[in-house]
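Residue strings, one per chain:
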Amino acid sequence: MFGAVRVKVTIDRRRILQLGLAGLAACAARRRAAGPRASTAAAYRRAFVIDALSGPDGDPRERDPEALLWDPGVADAVASGITAVNLTIAAVDDDWATMEKAAAWADRELAARPDAFLRILAAADLRTAKTSGRLGLIYGTESLAMIGEDIDKLDAVHARGVRIAQLTYNLDGALGTGCLAAEDRGLTELGRAAIARMERLGITVDLAHASPKTVDGALAAATGPVVFSHTGCAAVNPHPRNVSDAALRACADRGGVAGIYFMPFLRAAGQPMLDDVIHHLEHVIDVAGEDGAGIGTDGAISTVVVDDQFRENHRKFIRTRKAKGVAAPGEDENVFMFVPELNTPRKLETLAERLSARGHRDARIEKILGGNFARVFGDTWRG
């Protein structure tokens, strides 16, 4: 199209060397950029990937036990690469009937989708879920309100398949004080008895949502590892849902794990972002070591579609929680409870890639992704 133009170019040997070195540097940079991604993808495939508070779309406590999960939600769960999730079947002040309704829905889902889901009752089941490419469902509770003051009912909770349970939610309870209660009474004698029974049965003790005195009391009462399934670091953002450095260290010292959530409480105000998650994770590593860090997103696996209906539902959700007095500071009608850069079923792989880019080794990343929680479950479950 254009006429040829002949240009005479003279380049000395120094310039050739400079160009050659620049080319080599560019190639090396490309290899460094590609290397961690390829390595991290392999690490993600190898790892036990455990989200210590999550699940397929929707809250099982609000589902019709006869209605199955929609197909795209099932597909997302399988495609996520997640090995297992702590699925909440009871929270706040839920009674036994509410827990049973949620458990019945999960039971039905497991029976209807054996190619997609696996019930997790023992540590060996995590390996089965991993090798078979299914999502393991660990029944968990965000409160033990359903047992009232009858510790013997914990036997029935365990028999129903629960393998991880919080002592309390945000407010005061029979076992201890929640993190938003006006007065911090700490762990009660009933709470100490509950911890002893949970350890004997093989239910992991979860201190998420507990007050500082309840955390201290539980750490003193427990004989084995305990966890914070979903929390943040108070030193990074001083919020009642976040825990102190002393608690993080004490938890790790007894073999426990703190799972960092993807919630607004990661920052003082505004939408939580990926950098906030990284900041909290790296703080846990700094104060408690890489064996004490994990993930508990407190969100669903599938991508959240932010449309007018979602915004309205979110507003209603926040207003309802505030009306019940269980909303934490930072719960806002205009702040969503997910991290935009991680709003995908493969969110934990994306997180792993960012950690790798920041220089964290694959072995450490595999621990954070779920290896640490798998170890704790192996230490605390029976059978």
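Residues numbered from 1 in each chain as written. Predicted model: local features only at pLDDT ≥ 70, side-chain atom pairs only at ≥ 80, totals over all residues. Heavy atoms only, no water.

Peer 1: Would you take a moment to explain the overall build of the chain for this structure?
Peer 2: Within the chain, the regular secondary structure consists of twelve helices and twelve strands. Accessible surface computed for the chain: about 16800 Å², of which carbon and sulfur atoms make up 53%. (Helix = DSSP H or I, 4+ residues; strand = E, 2+ residues; numbered from the N terminus. Areas by Shrake-Rupley, 256 points an atom, 1.4 Å probe, with all protein chains shown as cover.)

Peer 1: How should the confidence of the model for the chain be read in this particular structure?
Peer 2: Interpretation of the predicted coordinates at a detailed level should be avoided for regions scoring low in pLDDT. Counting all residues, the mean pLDDT for the chain is 89, and 89% of those residues have values of 70 or more. Note that pLDDT drops below 50 for residues 1-35; the model gives that stretch two contacts with residues more than four away or on any other chain. (pLDDT = per-residue confidence, 0-100. Contact = heavy atoms within 4.5 Å.)

Peer 1: How should the pattern of salt bridges be read in this particular structure?
Peer 2: Two side chains with opposite charge may pair up if their charged atoms get near one another. Enumeration over the complete set of coordinates arrives at 22 salt bridges. Note that Arg113 and Glu109 form a salt bridge whose closest N and O atoms lie 3.0 Å from each other. Among the salt bridges present, the one from Asp291 reaches Lys367, with a minimum N-O distance of 2.7 Å. Highlighted residues: Asp291 in the loop between helix 9 (274-288) and strand 11 (293-295) and Lys367 in helix 12 (residues 362-380), separated in sequence by 76 residues. (Salt bridge = Lys/Arg side-chain N within 4 Å of Asp/Glu carboxyl O.)

Peer 1: Would you take a moment to explain the packing of aromatic side chains for this structure?
Peer 2: For any pair of aromatic rings, geometry is given as the distance between the ring centres together with the angle between the planes. Tallied over the full model, the rule gives six aromatic pairs. A centroid spacing of 5.8 Å and a plane angle of 5° characterise the contact between Phe336 and Phe338, whose relative ring orientation is stacked. Side by side, Phe336 and Phe338 carry an identical accessibility label, which is buried. Three or more aromatic residues joined by ring pairs make a cluster, and in this case those are Phe310, Phe336 and Phe338. (Phe/Tyr/Trp six-rings, centres within 6.5 Å; stacked < 30°, edge-to-face > 60°. Buried < 20%, exposed > 50% of the residue type's maximum accessible area, 1.4 Å probe, protein only.)

Peer 1: Quick question: what am I supposed to make of the nonpolar core here?
Peer 2: In globular proteins that are soluble, nonpolar side chains generally tend to be buried together. Among the nonpolar cores identified, the biggest contains 83 residues, and Phe117, Leu167, Leu207, Val277, Leu281, Leu348 and Leu351 are the most heavily contacted of them. Judged by nonpolar contacts, the second largest core, of 17 residues, contains Phe48, Leu118, Leu126 and Phe377. (Core = buried A, V, L, I, M, F, W, Y, C linked by side-chain atoms within 4.5 Å.)

Peer 1: Just checking my understanding: could you explain helix 4 (residues 123-132) for this structure?
Peer 2: Owing to its 3.6 residues per turn, the α-helix aligns residues three or four sequence positions apart on the same side. Here helix 4 has its buried residues at Leu126, Ala129 and Lys130. Around the axis of helix 4, the buried residues are gathered within 95° of arc, so they sit on the same side. Opposite the buried face of helix 4, at more than 90 degrees from it, the exposed residues are Ala124 and Thr131. Of the residues trailing helix 4, Gly133 is marked for its positive phi of about 70°. (Arc of directions from axis to C-beta.)

Peer 1: Help me understand the packing of helix 9 against helix 11 (residues 347-357) in this model?
Peer 2: Helix-helix packing is characterised by the crossing angle of the two axes and by the distance between the axes. Remark: helix 9 packs on helix 11, axes separated minimally by 11 Å, with the N-to-C direction vectors making an angle of 65°. As helix 9 runs across helix 11, the sense of the crossing is right-handed. Where helix 9 approaches helix 11, its residues Leu274, Asp275, Val277, Ile278 and Leu281 are matched on the opposing element by Leu351, Arg354 and Leu355. Taken together, the residues of the contact of helix 9 with helix 11 sort by class into six nonpolar, no polar and two charged. (Axes fitted to C-alpha atoms, helices over the stretch in contact; angles between N-to-C directions. Left-handed = near helix turned anticlockwise from the far one by under 90°. Nonpolar A, V, L, I, M, F, W, Y, C, P; charged D, E, K, R; others polar.)

Peer 1: Looking at this structure, how should I read unusual backbone geometry?
Peer 2: With the exception of glycine, most residues fall at negative phi, and the peptide bonds are largely trans. With phi around 50°, Val92 is a residue other than glycine that occupies positive phi space. Relative to the assigned elements, Val92 resides in the loop between strand 3 (84-90) and helix 3 (96-112). Taking relative accessible area as the criterion, Val92 reaches 24% and is therefore assigned partly exposed. Although it is not a glycine, His209 adopts a positive phi angle of roughly 75°. On the secondary structure map, His209 appears in the loop between strand 7 (204-206) and helix 7 (212-221). His209 sits in the buried class, given a relative accessible area of 6%.

Peer 1: Is there a simple way to explain the packing of helix 11 against helix 12 in this structure?
Peer 2: Orientation of helix 11 relative to helix 12, taken along the N-to-C sense of each, is 150°, at an axis distance of 10 Å. Between helix 11 and helix 12, the crossing angle belongs to the class labelled roughly antiparallel. Between helix 11 and helix 12 lies a crossing whose hand is right-handed. Across from Leu348, Ala352, Leu355 and Ser356 in helix 11, the residues of helix 12 making contact are Ile365, Ile368 and Leu369. Here the contact of helix 11 with helix 12 is built from residues that sort into six nonpolar, one polar and no charged. (Parallel < 35°, antiparallel > 145°, perpendicular 65-115°, else oblique.)

Peer 1: What exactly am I supposed to notice about the environment of Leu274 here?
Peer 2: In this fold, Leu274 is placed in helix 9. Overall, the relative accessible area of 3% leaves Leu274 in the buried class. Sequence separation of Leu274 and Leu342 is 68 residues, and the distance between their C-alpha atoms is 7.0 Å. If sequence neighbours within four positions are ignored, Leu274 has contacts with Val339, Glu341, Leu342, Leu351 and Arg354.

Peer 1: Help me understand the pairing of strand 3, please; the structure alone is not making it clear to me.
Peer 2: Regular strands place side chains that alternate from one sheet face to the opposite one. With seven of seven residues buried, strand 3 is to be regarded as a mostly interior element. Taken together, the two bridges between strand 1 (residues 50-51) and strand 3 define a ladder with parallel strand orientation. Bridge assignment links Ile50 to a residue of strand 3, and that residue is Ala84. Pairing of strand 3 with strand 5 (residues 135-141) involves six bridges; the strand directions are parallel. Among the inter-strand pairings, Val85 is bridged to a residue of strand 5, identified as Leu137. (Pairing = 2+ DSSP bridges.)

Peer 1: In this structure, what is going on with helix 10 (residues 308-324)? I would like to understand it.
Peer 2: For helix 10, spanning 17 residues, the distance from its first C-alpha to its last is 25 Å, which sits close to the expected 24 Å at 1.5 Å a residue. Buried within helix 10 we find His314, Ile318 and Arg321. The arc that holds every buried residue of helix 10, seen down its axis, measures 65°, which confines them to one face. Away from its buried face by more than 90 degrees, helix 10 exposes Asp308, Ala323 and Lys324. (Expected span 1.5 Å × (residues − 1).)

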